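# Topology and contacts: notes
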Amino acid sequence: MKEMDCVEVIIEKEKYAKEGVHEGMQGWICNPLTIDGTWLVNFPQCGEKRDIATLDIKEEDLELIPVMHAILDEQIKARFEKAEKTAKSFDDTSEGLSDYMV
């Protein structure tokens, strides 16, 4: 791999997810140097939207791809945000369930 290569994250890891990067997201290597087996990868969104993240990703967690599609990043991001929102709304209502008698 080298600078400007398009890559895809091939594994879900908590340390990437904390930064908003999930399996299937695509980015580009934005630094010519690899440090301790990691590459600095930028994960963009379409148009003028702010990038999702730029972070170090282990080379073994990346797959080289011919073309990057930022729309996929947006779709994956939206899916995780929706799931997170649903989980939070359930957590908000579950507190009162302990007093419910069946």
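Above this note sits the structure.
Anyway, here's the lowdown on the structure attached to this text. Since the structure is predicted, the reported quantities are computational estimates derived from the model, not experimental observations. (Residues numbered from 1 in each chain as written. Predicted model: local features only at pLDDT ≥ 70, side-chain atom pairs only at ≥ 80, totals over all residues. Heavy atoms only, no water.)

## A look at the overall build of the protein chain
Across its full length, the protein chain holds two helices and five strands. Within the protein chain, the proportion of its 102 residues that are buried is 29%. Counted over contacts in the protein chain with a minimum sequence separation of 6, partners at least 24 positions apart contribute 52%. Carbon and sulfur atoms make up 54% of the accessible area of the protein chain, which totals about 7100 Å². (Helix = DSSP H or I, 4+ residues; strand = E, 2+ residues; numbered from the N terminus. Buried < 20%, exposed > 50% of the residue type's maximum accessible area, 1.4 Å probe, protein only. Contact = heavy atoms within 4.5 Å. Areas by Shrake-Rupley, 256 points an atom, 1.4 Å probe, with all protein chains shown as cover.)

## Considerations on the pairing of strand β2 (residues 26-29)
Judged from the three bridges that link them, strand β1 (residues 6-9) and β2 form a sheet pairing that is antiparallel. Bridge assignment links E8 to a residue of β2, and that residue is Q26. In this sheet, strand β3 (residues 38-43) lies alongside β2 in antiparallel orientation, the contact comprising two bridges. By the bridge assignment, I29 is partnered in β3 with V41. (Pairing = 2+ DSSP bridges.)

## Considerations on the nonpolar core
If you look at the biggest cluster of nonpolar residues, it comprises 15 residues, and the most contacted ones within it are V21, V41, F43, L55, I57 and L62. Listing elements by their share of this core, those giving two or more residues are β1, β3 and β4 (53-58). In this view, L55 contacts Y16, E19, V21, W39, L40, V41 and F43; residues no more than four positions away in its chain are not counted. (Core = buried A, V, L, I, M, F, W, Y, C linked by side-chain atoms within 4.5 Å.)

## What to know about the pattern of salt bridges
Side chains that differ in sign of charge can pair as their charged atoms come close. Using the criterion set out here, one finds five salt bridges in the structure. When the shortest N-O distance is used, the salt bridge between E74 and K49 registers 2.9 Å. On the criterion of sequence distance, the pair formed by E74 in helix α2 (residues 70-94) and K49 in the loop between β3 and β4 is long-range, its members being 25 residues apart. On the basis of relative accessibility, which here comes to 47%, the residue K49 falls in the partly exposed class. One salt bridge connects K77 with E81, and the closest N-O pair in it is separated by 4.0 Å. With K77 and E81 both in helix α2 and four residues apart, this pair spans about one turn of that helix. Given a relative accessible area of 45%, E81 falls into the partly exposed group. (Salt bridge = Lys/Arg side-chain N within 4 Å of Asp/Glu carboxyl O.)

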